[in-house]
Amino acid sequence: MENSYPKTHELPSKEIYQRIFNNIQKVIKGQSAAIRKLLSAFASGGHVLLEDYPGTGKTTLAKALAYSVDVSFKRIQFTPDLLPSDILGISMLEPNERTFHFHEGPIFAHIVLADEINRASPRTQSALLEAMAEFQVSIDGNLRKLKDPFFVIATQNPVESRGTYPLPEAQMDRFALQFSLGYISPEDEVNLLSDQIQQHPIDTIQPCIDLQDIITLKQQVKKVRISQDLKCYLVDIVNATRSAQGVQLGASPRASIALMKIAQALALFDGYEFVTPEHIQELAVSVIAHRLVMEPQARFSGRTATSVVEDILKSVPVPV
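Report on the accompanying structure. (Residues numbered from 1 in each chain as written. Predicted model: local features only at pLDDT ≥ 70, side-chain atom pairs only at ≥ 80, totals over all residues. Heavy atoms only, no water.)

**Some points on the overall build of the protein**
Within the protein, the regular secondary structure consists of 14 helices and 13 strands. Computed over C-alpha atoms, the radius of gyration of the protein comes to 20 Å, within 12% of the 20 Å expected from 2.2 N^0.38 for 320 residues, which places it in the range of a compact globule. Taking the principal axes of its C-alpha atoms as reference, the protein extends roughly 70 × 45 × 40 Å. Taken over 320 residues, the protein has a buried fraction of 49%. Long-range pairs, those at least 24 residues apart, make up 76% of the contacts in the protein between residues at least 6 apart in sequence. Total accessible area on the protein is roughly 16000 Å²; 51% of this is exposed by carbon and sulfur atoms. Taking the 31 positively charged and 36 negatively charged side chains of the protein as two groups, their mean positions are separated by 3 Å. (Helix = DSSP H or I, 4+ residues; strand = E, 2+ residues; numbered from the N terminus. Rg over C-alpha atoms; globule rule 2.2 N^0.38 Å. Buried < 20%, exposed > 50% of the residue type's maximum accessible area, 1.4 Å probe, protein only. Contact = heavy atoms within 4.5 Å. Areas by Shrake-Rupley, 256 points an atom, 1.4 Å probe, with all protein chains shown as cover. Lys, Arg positive; Asp, Glu negative; His and termini not counted. Charge placed at Lys NZ, Arg CZ, Asp CG, Glu CD.)

**Quick look at a nonpolar patch on the surface**
Together, Tyr53, Val159 and Tyr183 make up an exposed nonpolar region whose accessible area comes to about 360 Å². For Tyr183, the location among the structural elements is in the loop between strand E10 (177-179) and helix H8 (186-195). (Patch = residues over 30% accessible without salt bridge, like charges linked within 9 Å, V, L, I, M, F, W, Y side chains within 5 Å. Salt bridge = Lys/Arg side-chain N within 4 Å of Asp/Glu carboxyl O.)

**Thoughts on the nonpolar core**
Looking at soluble globular proteins, one finds that nonpolar side chains tend to be buried together. Counting 74 residues, the largest nonpolar core has Ile24, Leu39, Leu65, Phe151, Ile153, Ile280 and Ile288 as its most contacted members. For this core, the element with the most residues is helix H11 (residues 253-269), which contributes 10 residues. If sequence neighbours within four positions are ignored, Ile288 has contacts with Ile237, Val238, Thr241, Ala251, Leu259 and Val309. Core analysis: the second largest hydrophobic core is formed by 27 residues, Phe78, Phe108, Met132 and Leu167 among them. (Core = buried A, V, L, I, M, F, W, Y, C linked by side-chain atoms within 4.5 Å.)

**A short note on the sheet that holds E10**
Taken in spatial order, the five strands line up as E3-E6-E9-E1-E10 in an open sheet, and their pairing is parallel. Two strands lie at the open edges of the sheet, namely strand E3 (73-77) and E10, each paired on one side alone. Between one strand axis and the next, the sheet turns through 15° on average, direction left out of account. In terms of strand pairing, strand E1 (residues 48-51) meets strand E9 (residues 151-156) through four bridges, oriented parallel. (Pairing = 2+ DSSP bridges. Axes fitted to C-alpha atoms, helices over the stretch in contact; angles between N-to-C directions.)

**Regarding the pairing of strand E7 (residues 136-139)**
Looking at chain direction, E7 and strand E8 (residues 142-145) are connected through four bridges and run antiparallel. Its bridge partner being in E8, Gln136 is matched across the sheet by Lys145. Linking E7 to E8, which pair antiparallel, is a turn of two residues; within it Asp140 sits at a positive phi near 55°.

**Examining the packing of aromatic side chains**
Enumeration over the complete set of coordinates arrives at eight aromatic pairs. For the ring pair Tyr17 and Phe21, a centre distance of 5.7 Å and an interplane angle of 50° mean the geometry is tilted. Of the two residues, Tyr17 and Phe21 are both situated in helix H1 (residues 13-25); the distance of four residues between them amounts to about one turn of the helix. Both rings, one in Tyr17 and one in Phe269, keep their centres 3.9 Å apart while their planes meet at 5°; by these two values the pair is stacked. Residue Tyr17 is located in helix H1, and its partner Phe269 is located in helix H11; the two are separated by 252 residues in the primary sequence. Each of the two residues, Tyr17 as well as Phe269, counts as buried. The ring of Phe102 carries the charged tip of Arg144 above its face, separated from the ring centre by 4.0 Å. (Phe/Tyr/Trp six-rings, centres within 6.5 Å; stacked < 30°, edge-to-face > 60°. Lys NZ or Arg CZ within 6 Å of the ring centre and 35° of its normal.)

**Considerations on the pairing of strand E4 (residues 89-94)**
Here E4 runs beside strand E5 (residues 99-104); their pairing, made up of six bridges, is antiparallel. Across the sheet, residue Leu93 finds its bridge partner in E5, namely Phe100. Taken together, E4 and the strand that follows it, E5, pair antiparallel across an intervening segment of four residues, in which Arg98 is found at a positive phi of about 55°.

**Considerations on the side chain of Ser40**
Considering the arrangement of structural elements, one finds Ser40 in helix H2 (residues 32-44). For Ser40, the residues in contact, after removing those within four places along its chain, are Leu177, Ile262, Ala265, Leu266, Phe269 and Leu283.

**What to know about empty space enclosed by the protein**
This structure, assessed with the given rule, holds one cavity of 30 Å³ or more. A volume near 30 Å³ is recorded for the largest cavity. Looking at the largest cavity, the residues that line it are Tyr17, Ile20, Leu39, Phe42, Ile214, Leu217 and Phe269. Only H1, H2 and helix H9 (211-223) provide two or more residues apiece to the lining of the largest cavity. (1 Å grid on protein atoms, 1.4 Å probe; cavity = no way out; pocket = protein on both sides within 12 Å on 5 of 7 lines; lining within 4 Å. Points joined across faces, edges and corners; volume = space filled by probe spheres on them.)

**Re the packing of helix H10 (residues 228-240) against helix H12 (residues 277-288)**
Running from N to C, H10 and H12 point in directions that differ by 25°, and their axes come no closer than 11 Å. One finds that H10 runs roughly parallel with respect to H12. Viewed along their axes, H10 and H12 form a crossing whose handedness is right-handed. Residue-level contacts link Leu230, Tyr233, Leu234, Ile237 and Val238 of H10 to Pro277, Ile280, Gln281 and Ile288 of H12. (Parallel < 35°, antiparallel > 145°, perpendicular 65-115°, else oblique. Left-handed = near helix turned anticlockwise from the far one by under 90°.)

The values reported here are purely geometric and, on their own, carry no functional implication.
So this is what it looks like as structure tokens:
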């Protein structure tokens, strides 16, 4: 069946963004900042880790994005008995043809929801490493390219430790952004109750953009300018984490690249042709903090990766 939504290929990128933003907001109430960050990562080619308490809407947010875009979507519920082949796929013997045929796993979708990713074993978690960094997977000695765009949204619950396996530093570094949703205001929660009296809004959401729109959006993000001064400012922020007090392992150059690309997406959404310091400051904590490894004594004293990045933002001079 042909989709009935209006085609947006001739619309400005900001209008494409506004259309998908409004579509998601029909389902997710009071989370404008979270939607903005999620879409900025999506448009810039990064992956997102949502870490928050149960019931705050992590999975719903991911599904709202997936259902708003007319592309393939797969959800993987991570469990301790999940195997890498359950994610990547497997070669099976076809008796009639006497040959092995590869059956693609859910990783071969445009948008992949890795739900409760920290419940799977490290062996299974590692199945995502190559896919998230290089947009390809190696299976049975063959290199298989993933779809374009390829976007991973992972969720995890920070309060549970039984039956979970913390993500290693290399895995955390693959996520361009990590952020939480938090609890919504009482007014938004009342509206949430009203919306779900008859049915969940996610059941009625329809695609509002298609694959070509996303390709257009990603191409326009790359055209947003960033000055040499702002590149230096961005690198100074990331570099400061490597010598910050209480930090055992600072952010890598991958953090600098992610911060630049996502800042370009935010600037595009705001209708700018260039990145501003405010775009970098808005994203710095979400892009950098989850990549830092804190020293044990710093953790015991209450110092966090978030506070480290916030202090750096206050100390690094902002270009005029």
